[in-house]
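Structure assessment
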Amino acid sequence: MTQYPTLHMIIDGEKVSGGGRRTFSVVNPATAETIGELPLAEAADLDRALETAEKGFAIWRKSSPQERSAVLQGAADLLVQRQDDIAHIASMEQGKPVAEARIEVMMSVNLFKFYAGEVFRLYGRELVRPAGTRSTVRHEPVGPVAAFAPWNFPIGNCGRKLGAPIAAGCSVIMKAAEETPGSALAVVQCLLDAGLPKEVAQAVFGVPDEVSRHLLASPITRKLSFTGSTVVGKHLMKLAADNMLRTTMELGGHGPVLVFDDVDVDHVLDVAVPGKTRNCGQVCVSPTRFIVQEDVFERFRDGFIARMEATKVGNGQEEGTQMGPMANPRRPEAMDRLIGNAKEKGAKLGTGGERIGNQGYFYAPTVLSEVPLDADIMSEEPFGPVALINPYRGEEEMIAEANRLPYALAAYSWTNDYQRQHRLADQIEAGMVGINSHMIGAADSPFGGVKWSGHGSEDGPEGVLACMVTKAVHEG
Ligand code: NAD
């Protein structure tokens, strides 16, 4: 049986802990019991990580694509070997079912494998010039990256934060969420064990505001990569502006799902409901606002309620659990607040709307319908297992509702009218659009949002290029 690991930081290849440092108690969200004590960085730790990252960049920028490819492929192989252990660690500290955590390990495996090939394709170009002269456009690694990964995908987010800089030839200091450090350390360790020089990737934890201010103000840091809420993202962008850092920002969403009356309603529900309960709804691309054409509204809502009520909620470590607890006490509090406000405004509660049991952070799968637009939950990301289902007359109105918010990360639509499919692809404002599909992420495809959902992409060739700068060289 997997034991929860002893926690530490990884600075210059050394496991750093103790020494009178402050600590953070890591809790199992299914039981609210403390499972580990995490050391937090002092300013001297961050300075040491920065100096090491500077050395790491000097080493790694000169590495050959073969070296980078071998490390990424090797780390992918180690992740597969350690998949079960890592999945259990993630489930213990984050709450999600082990089966979901196993899939998350594969997310990083697939990304590392894709980047192991992509490192050979970071082409520049040569411009047409008179004989005897030459002009070339090159991509070069941007420099040391300060990367901040959240707790909702403790393995997959870390794979993204580490994979792209390493493929590009950068060094990286990653501060993953203090609530889920065990998974982050496991991913870093796979890279180090696969031969990554110890100076290239480091893991620090700390008081988030202290760490981000320190790393982003340093002249050594050249890029900020952040995944988390829009509020924190805006704050970090302001800090990054003072140091003119490049930024990749993966922020919040409020996923609209347009369901037209020409679809097989049961099929859409069979896809949408597990999509909603996945990771207890704590997913930036979670389907949230169901915008349903009025002729199928009642069938859709009732089918949604029945399937949500049939979802098996429990400890993520137990076989057969379909939905675990929420990851931390802030989430059920936010759900109570948002659902309470929606009911006050006149929304109808179809099912759920309350916590389950008296230990851990469990919340019942919830359906609200006919939710007024002025309810907070219609414009604030709920980040929980709640579906908002409202009826609409037709296409124009439905697209307007999908585009109403400043968030524009992922959007989904279901229709068998192929001309409408084209219109939706054109008119929906989002970084990713699923048409008759909920699969909107893949290792080779850019993942990211527009508007307040952020900018820049992770995954795909775009993810590596986001860790590179362009240089034009003109030789006379
Ligand atoms: P939060 O806004 O306090 O934190 C969000 C993330 O940012 C966390 O990982 C946190 O460790 C980090 N963070 C916070 N302050 C920071 C700082 N000053 N410097 C660096 N990092 C900092 O909220 P939370 O309670 O952890 O999460 C709630 C909200 O965050 C959710 O409602 C959701 O909107 C958003 N969120 C989004 C994603 C995503 O995948 N886009 C992931 C996690 C959380």
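Keep in mind it's a predicted model, so treat the numbers as computed, not measured.

Cut-off values and rules
Residues numbered from 1 in each chain as written. Predicted model: local features only at pLDDT ≥ 70, side-chain atom pairs only at ≥ 80, totals over all residues. Heavy atoms only, no water. Helix = DSSP H or I, 4+ residues; strand = E, 2+ residues; numbered from the N terminus. Expected span 1.5 Å × (residues − 1). Buried < 20%, exposed > 50% of the residue type's maximum accessible area, 1.4 Å probe, protein only. Salt bridge = Lys/Arg side-chain N within 4 Å of Asp/Glu carboxyl O. Domains from an automatic or database assignment. Contact = heavy atoms within 4.5 Å. Buried area = accessible area lost by both parts, 1.4 Å probe. Polar contact = N/O pair within 3.5 Å; in protein donor to acceptor, adjacent residues only side chain to side chain. Pairing = 2+ DSSP bridges. Axes fitted to C-alpha atoms, helices over the stretch in contact; angles between N-to-C directions. Core = buried A, V, L, I, M, F, W, Y, C linked by side-chain atoms within 4.5 Å. Near = heavy atom within 4 Å. Areas by Shrake-Rupley, 256 points an atom, 1.4 Å probe, with all protein chains shown as cover. Nonpolar A, V, L, I, M, F, W, Y, C, P; charged D, E, K, R; others polar. Phe/Tyr/Trp six-rings, centres within 6.5 Å; stacked < 30°, edge-to-face > 60°. Lys NZ or Arg CZ within 6 Å of the ring centre and 35° of its normal.

**Quick notes on helix α5 (residues 156–168)**
Over its 13 residues, α5 extends 18 Å from the first C-alpha to the last, a length consistent with the 18 Å expected when each residue adds 1.5 Å. In terms of burial, α5 is a largely internal element, 13 of the 13 residues being buried. Taken from the residues just after α5, Gly169 is the one with a positive phi, measuring 95 degrees.

**Points about the pattern of salt bridges**
Pairing is possible between side chains of opposite charge, provided their charged atoms come close. By the definition in use, this model includes 31 salt bridges. Close ionic contact of Asp193 with Arg82 constitutes a salt bridge, the shortest N to O distance being 2.9 Å. On the criterion of sequence distance, the pair formed by Asp193 in helix α6 (residues 181–193) and Arg82 in the loop between α2 (65–81) and α3 (83–94) is long-range, its members being 111 residues apart. Since its relative accessible area comes to 26%, Arg82 is described here as partly exposed. Glu104 is the partner of Lys96 in a salt bridge, and the nearest nitrogen-oxygen pair spans 2.5 Å. The class for Lys96 is buried, based on a relative accessible area of 3%. Residue Glu104 is classed as buried on the basis of its relative accessible area, which comes to 2%.

**Regarding the domain arrangement of the protein**
Domain parsing of the protein yields domain 1 (9–251 + 453–475) and domain 2 (255–443). Of note, the centres of domain 1 and domain 2, computed from C-alpha atoms alone, are 30 Å apart. In this complex, domain 1 contributes 27 residues to the contact, which on the side of domain 2 involves 29 residues. Across the domain 1/domain 2 interface, buried area totals approximately 2,200 Å², and carbon plus sulfur atoms make up 51% of it. Three residues, Ala30, Trp151 and Ser453, lead the burial of domain 1 against domain 2; their summed loss comes to 25% of the area buried on that side. Viewed at the interface, domain 2 and domain 1 are joined by 1 salt bridge.

**Quick notes on the side chain of Thr247**
When you line up the elements, Thr247 lands in strand β11 (residues 246–250). Within the local environment of Thr247, its side chain forms a polar contact with the side chain of His455, the two groups lying 2.8 Å apart.

**A word on the sheet that holds strand β22 (residues 468–475)**
With antiparallel pairing, 3 strands are arranged side by side in an open sheet as β5-β6-β22. Each edge of the sheet is formed by a strand with only one pairing partner; in this case those strands are β5 (125–126) and β22. Across 8 bridges, strand β6 (residues 134–141) lies against β22 in antiparallel orientation. Within β22, the position partnered with Pro141 by the bridge is Met468.

**Some points on the sheet that holds strand β18 (residues 410–414)**
Strand order across the open sheet formed by 7 strands is β14-β15-β16-β13-β12-β18-β19, with mixed pairing between neighbours. The strands lining the two open edges of the sheet, one partner per strand, are β14 (348–351) and β19 (432–435). Taken pair by pair, the neighbouring strands of this sheet meet at an average axis angle of 20 degrees, ignoring direction. Two strands pair when backbone bridges link them, and strand β12 (residues 255–259) and strand β13 (residues 287–293) are joined in this way by 5 bridges, in the parallel orientation. Looking at β13, one finds that Gly255 is bridged to Pro287. Against the sheet, helix α10 (residues 294–310) contacts β12, β13, β14, β15 (366–369) and β16 (386–392), and its axis sits at roughly 145 degrees relative to β13.

**A short note on the environment of His474**
Position of His474 among the secondary structure elements: in strand β22. The exposure class assigned to His474 is exposed, which follows from its relative accessible area of 55%. Here the alpha-carbon distance between His474 and Thr133, two residues 341 residues apart in the chain, equals 7.8 Å. Each residue touching His474, except ones within four places of it in the same chain, is listed here: Arg129, Arg134 and Ser135. Only 2.8 Å separates the side chain of His474 from the side chain of Ser135, close enough to count as a polar contact.

**Describing the nonpolar core**
Leu72, Leu162, Ile166, Leu191 and Leu196 are the most contacted members of the largest nonpolar core, which totals 85 residues. When residues of this core are assigned to their parent elements, the largest contribution, 9 residues, is made by helix α4 (residues 98–118). Residues contacting Ile166, with those up to four places away along its chain left out, are Trp60, Arg68, Leu72, Val172, Leu191, Leu196, Val200 and Ala201. Formed by 30 residues, the second largest nonpolar core is a distinct cluster that contains Val257, Val263, Val285 and Phe297.

**Considering the site of the ligand**
Around the ligand sit 20 residues, and of these Trp151, Ser212, Ser229, Arg330 and Glu381 come closest. Between an oxygen atom of the ligand and a side-chain N or O atom of Asn152, the distance comes to 3.3 Å. For the ligand, whose unbound accessible area comes to 790 Å², protein coverage reaches 84%. Counting residues per element, the ones that place at least two in the shell around the ligand are α7 (208–217), β10 (223–227), α8 (230–242) and α11 (330–345). Among the elements that make up the shell around the ligand, the one with the highest residue count is α7 (3 residues). Looking at side-chain class alone, the shell around the ligand contains 10 nonpolar, 5 polar and 5 charged residues. The residues that make up the shell around the ligand include at least three from each of domain 1 (9–251 + 453–475) and domain 2 (255–443).

**Quick word on the packing of aromatic side chains**
Going through the model one piece at a time under the given rule, you end up with 6 aromatic pairs. Here the aromatic rings of Trp151 and Phe383 are separated by 5.6 Å at their centres, their planes lie at 80 degrees, and the arrangement is edge-to-face. On the criterion of sequence distance, the pair formed by Trp151 in the loop between β7 (145–149) and α5 and Phe383 in the loop between β15 and β16 is long-range, its members being 232 residues apart. Take Trp151 and Phe383: they sit in the same class, and that class is buried. Between Phe300 and Phe304, the ring centres sit 5.8 Å apart and the planes meet at 55 degrees, which makes this aromatic pair tilted. Highlighted residues: Phe300 and Phe304, both in helix α10, separated by 4 residues, approximately one helical turn. Phe304 matches Phe300 in its accessibility class, with the two residues each being buried. Here a set of aromatic residues connected by ring pairs shows up, and it is made of Phe290, Phe300 and Phe304. In this structure, Lys96 is placed above the aromatic ring of Phe153, and the distance from its NZ or CZ to the ring centre is 4.1 Å. The ring centre of Trp452 lies 3.3 Å from the NZ or CZ of Lys234, which sits over that ring.

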